[in-house]
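Letter by letter, the chains look like this.
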Amino acid sequence: MNVTGRIALVTGGAQGIGRSIAEKLGSYGADVAVADVNLEKATEVANSIKAMGRRAMALKLDVTNLKECEEAAEKIFKEFEAIHILVNNAGITRDGLVLRMTEEDWDLVMNVNLKGAFNCTKAVLKYMTKARWGRIVNIASVVGVVGNAGQANYSASKAGLIGLTKTIAREFASRNITCNAVAPGFIETAMTDALTENVKKDLMDRIPLGRLGGPADVANGVLFLSSNASGYITGHVLNITSMAMQ
Ligand code: NAD
């Protein structure tokens, strides 16, 4: 699971799962660009990766803006001379039952979670094609597979991300670029802190292992899908969850 000498871009890398992925890739030998709307926190993460002896940079990036994504990719290529790994991790929730969900909340979640991944993928593909080596890992969700009441926008965005994953896998396999997704269950981060105790208890009751997942559980899966070891796997969705799927 070595990623030594690889250059990785992790979106939404300033905290939570993205931070854990960025640091995991750094600790296994990659140089990492940490991109996030929150530059201050992204800089903290980049500094922690530099402290491991790797190269790292922090970028202020809103993934909903294609031009910003292209400029970010250009900047990374100028500095590190390649982009081998893209982790589309930036994501948000704006939950609500469908009849009460506003158009703005639908659009925002689709824009960040789905269009953001499209934008970043488009921005890096030419560099991966040039290197004839690439790994794209999209952070989907178990709710993109099974749905979830109160998350029409979020689960649709994650289901869309799975469709995008399978299509990029088909379009770029001949260039030695793989594209896979991970579908985490309930992972302890700021995103899930916001849930009520009742909802958390209900989720816990459905987890046979009797514990929530941690960001590192997701990062381990992403590391595998970013490494040489997964070279013959593409278009796959890896569930990182012990939650009952039905
Ligand atoms: P988080 O809220 O802790 O972190 C998300 C990060 O994305 C933040 O740093 C935020 O600033 C950044 N971000 C938000 N909008 C952005 C934008 N437009 N451009 C760039 N960066 C932006 O959330 P998390 O729990 O670490 O989630 C990370 C990913 O994992 C998300 O895609 C989420 O949907 C997915 N996920 C999380 C869970 C879970 O249980 N926490 C489960 C399944 C999937």
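As a starting point, this report considers the structure included with it.

The rules behind the values
- Position numbers for residues count from 1 along each chain, tracking the sequence in the order it is written.
- In keeping with the model being predicted, local features are shown solely for residues with a pLDDT of at least 70 and side-chain atom pairs are shown and tallied solely at 80 or more, while totals for entire chains, interfaces and linings include all residues.
- Here the side-chain values reflect all heavy atoms present in the structure, with hydrogen atoms and water set aside.
- Starting at the N terminus, helices and strands are each numbered in turn, a helix being any DSSP run of H or I of at least four residues and a strand any DSSP run of E of at least two.
- The contact rule is simple, with two residues in contact once any of their heavy atoms fall within 4.5 Å.
- We call a residue near a given molecule or strand whenever any one of its heavy atoms falls within 4 Å of it.
- Two N or O atoms form a polar contact when they lie within 3.5 Å of each other; inside protein one atom must be a possible hydrogen donor and the other a possible acceptor, and for residues adjacent in sequence the pair counts only when both atoms belong to side chains.
- We get accessible surface area from the Shrake-Rupley algorithm with a probe of 1.4 Å; when it comes to residues, only the shown protein chains can shield them.
- Only protein atoms enter the 1 Å grid used here. Points where a 1.4 Å probe fits but cannot escape make up a cavity, open sets with protein on both sides within 12 Å along at least five of seven lines make up a pocket, and a residue lines them when an atom lies within 4 Å of a point.
- Grid points are joined across faces, edges and corners, and a volume is the space filled by probe spheres set on the points.

**Remarks on the side chain of Ser226**
So, step 1. By secondary structure assignment, the location of Ser226 is in helix 9 (residues 215-226).
So, step 2. In this structure Ser226 touches Val3, Leu25, Ile85, Trp133, Arg135 and Val137, once residues within four positions along its chain are discounted.

**Quick look at the site of the ligand**
So, step 1. Close to the ligand lie 28 residues; Gln15, Asp36, Asn89, Tyr154 and Thr189 are nearest.
So, step 2. In the environment of the ligand, an oxygen atom lies 2.5 Å from a nitrogen or oxygen atom belonging to the side chain of Tyr154.
So, step 3. In the model, an oxygen atom of the ligand is placed 3.4 Å from a nitrogen or oxygen of the Gly185 main chain.
So, step 4. Coverage of the ligand by the protein amounts to 92% of the 830 Å² it exposes when considered alone.

**Things to note about empty space enclosed by the protein**
So, step 1. Inspection of the entire model under this criterion finds one cavity of 30 Å³ or more.
So, step 2. Approximately 60 Å³ is the volume found for the largest cavity.
So, step 3. Surrounding the largest cavity, Thr11, Val63, Asn88, Asn89, Ala90, Val112, Asn113, Gly116, Ala117, Ile139, Lys158 and Leu161 form its lining.
So, step 4. At the level of secondary structure, the elements contributing two or more residues to the lining of the largest cavity comprise helix 4 (103-131) and helix 6 (152-172).
So, step 5. Per-element accounting of the lining of the largest cavity gives the leading share, four residues, to helix 4.

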